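As a plain string of letters, each chain reads:
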Amino acid sequence: MISNEKEYRSTKLALAGFEDALMKYDVLKAIECGIDPMIARAQRGSYERQAAELREQLSAYEALRDGKVHEFEVHGIPDLGKGLVEARVAKGLTQRELANLAGLQEQQIQKYEKERYGSANLKRLAHIAATIGIGFDAKLTITGDDPSIDEMPGGLNLADFPFAEMNSRGWFGQQVDRRAPSVERARVLRDFFVQAPREIAPALHIHIIFLIPHLFSSLFFITSLIY
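Every value quoted in this text rests on a predicted model; they were computed, and no experiment measured them.

Colleague: Give a description of the side chain of Arg88 that names residues and reports values.
Modeller: With respect to the element layout, Arg88 can be found in helix α4 (residues 80-90). You can call Arg88 buried: its relative accessible area is 3%. Polar contacts involving the side chain of Arg88 include one to the main-chain carbonyl oxygen of Leu93, which spans 3.0 Å. Look past the residues within four positions of Arg88 in its chain and what remains in contact with it is Ser3, Leu93, Thr94, Gln95, Leu98, Glu113 and Ile132.

Colleague: Please provide a residue-by-residue account of helix α9 (residues 182-195), values included.
Modeller: Helix length check: α9, at 14 residues, gives a terminal C-alpha distance of 20 Å against a target of 20 Å (1.5 Å per residue), a fit within 8%. Looking at α9, one finds that the buried residues are Ala186, Val188, Leu189, Phe192 and Phe193. Considered in projection along α9, the buried side chains sweep an arc of 155° and stay on one side of the axis. Across from the buried face of α9, at angles greater than 90 degrees, the exposed residues are Val194 and Gln195.

Colleague: Now, about the side chain of Thr11: what can you tell me, with residues and values included?
Modeller: Take Thr11: it is sitting in helix α1 (residues 5-24). Apart from the residues within four sequence positions on either side, Thr11 is in contact with Ile2, Leu54, Gln57 and Leu58.

Colleague: Could you give an account of the nonpolar core, with specific residues and numbers?
Modeller: Note that soluble globular proteins tend to have their nonpolar side chains buried in a common cluster. Counting residues in hydrophobic clusters, the biggest one holds 15 residues, and the most contacted among them are Leu84, Leu98, Ile109, Tyr117 and Ile128. For this core, the elements supplying multiple residues, two or more each, are α4, α5 (95-102), α6 (106-114) and α7 (122-132). At four residues, the largest contribution of residues to this core is made by α7. In this structure, Leu84 is in contact with Tyr117, Leu125, Ile128, Ala129, Ile132 and Ile134, ignoring residues within four places of it in sequence.

Colleague: So what's going on with the packing of aromatic side chains? Which residues, and what values?
Modeller: For the structure shown, the criterion picks out six aromatic pairs. Centroid distance Phe163 to Phe172: 4.9 Å. Interplanar angle 25°. Geometry classified as stacked. A relative accessible area of 15% means that Phe172 is categorised as buried. Between Phe172 and Phe192, the ring centres sit 5.6 Å apart and the planes meet at 90°, which makes this aromatic pair edge-to-face. Taken together, the residues Phe172 in the loop between α8 (163-168) and α9 and Phe192 in helix α9 connect sequence positions 20 residues apart. Each member of the pair, Phe172 as well as Phe192, is classed as buried. An aromatic cluster is defined as three or more aromatic residues linked by ring pairs; in this entry it consists of Phe18, Tyr25 and Tyr47.

Colleague: An account of the pattern of salt bridges is requested, with residue identities and associated values reported.
Modeller: Taken as a whole, this structure holds twelve salt bridges when the rule is applied. Notably, a salt bridge pairs Glu113 with Arg88, separated by 2.6 Å at the nearest N-O pair. On the criterion of sequence distance, the pair formed by Glu113 in helix α6 and Arg88 in helix α4 is long-range, its members being 25 residues apart. Neither residue differs from the other here; Glu113 and Arg88 are each classed as buried. The partner of Glu165 in a salt bridge is Arg169, with the nearest N and O atoms 2.6 Å apart. The network of salt bridges with common partners includes Glu5, Arg65 and Asp66.

Parameters and conventions
- Residues numbered from 1 in each chain as written.
- Predicted model: local features only at pLDDT ≥ 70, side-chain atom pairs only at ≥ 80, totals over all residues.
- Heavy atoms only, no water.
- Helix = DSSP H or I, 4+ residues; strand = E, 2+ residues; numbered from the N terminus.
- Buried < 20%, exposed > 50% of the residue type's maximum accessible area, 1.4 Å probe, protein only.
- Polar contact = N/O pair within 3.5 Å; in protein donor to acceptor, adjacent residues only side chain to side chain.
- Contact = heavy atoms within 4.5 Å.
- Expected span 1.5 Å × (residues − 1).
- Arc of directions from axis to C-beta.
- Core = buried A, V, L, I, M, F, W, Y, C linked by side-chain atoms within 4.5 Å.
- Phe/Tyr/Trp six-rings, centres within 6.5 Å; stacked < 30°, edge-to-face > 60°.
- Salt bridge = Lys/Arg side-chain N within 4 Å of Asp/Glu carboxyl O.

Structure below.
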């Protein structure tokens with residue numbers, strides 16, 4: 001996604017480079033020079049796909065910049081940041097102008113937009129939206145069963161485990177991103193139990209009320225033996 005004029009100009013230059021490469025790249029000549037036909041076609045196809053992606057990005061930015069877009073679809077909270085960037089461009093505001101209006105440093109807006117507002121809290125998101133002049137309604141839908149349940153051992157639920165505490169103690173070998181999807185965190189737990197010592201396995205078959213205390217006491221006991 002292009003979010004400012006600098007990126008727009010860079011993308012146009014990149015597109016010109018791919019278009020030039022396409023004009024010069026002759027599949028038949030490449031084959032005659034000894035390049036495998038499949039590789040030669042794949043190379044040209046790669047140029048064509050990348051050029052098409054750049055054209056799409058340029059067209060999307062131009063539509064926003066020229067005021068042709070007034071509504072934006074946001075599919076879930078993670079997509080909200082992208083919507084804020086699009087709305088800012090559509091409103092005709094530069095990153096510096098938005099920063100001035102919001103009472104922030106331009107570098108802060110640049111950082112937010114680069115990460116699609118991933119580090120901004122709800123209060124800040126609301127402030128940015130109000131500054132741009134966005135009005136929106138949200139429809140919240142409670143989905144069915146958590147798909148992470150299928151990834152857990154013994155049909156347990158991710159909510160049954162103090163994942164953050166286990167993660168902070170380094171029980172998974174490396175720190176797991178706290179914002180990782182539930183399916184990914186369930187996979188980490190599943191792998192943890194698969195590789196865990198045998199003393200932990202019986203805890204998985206105990207009634208959930210007694211599961212966590214038993215699990216933690218077992219792990220602390222094993223940790224004390226190791227260290």
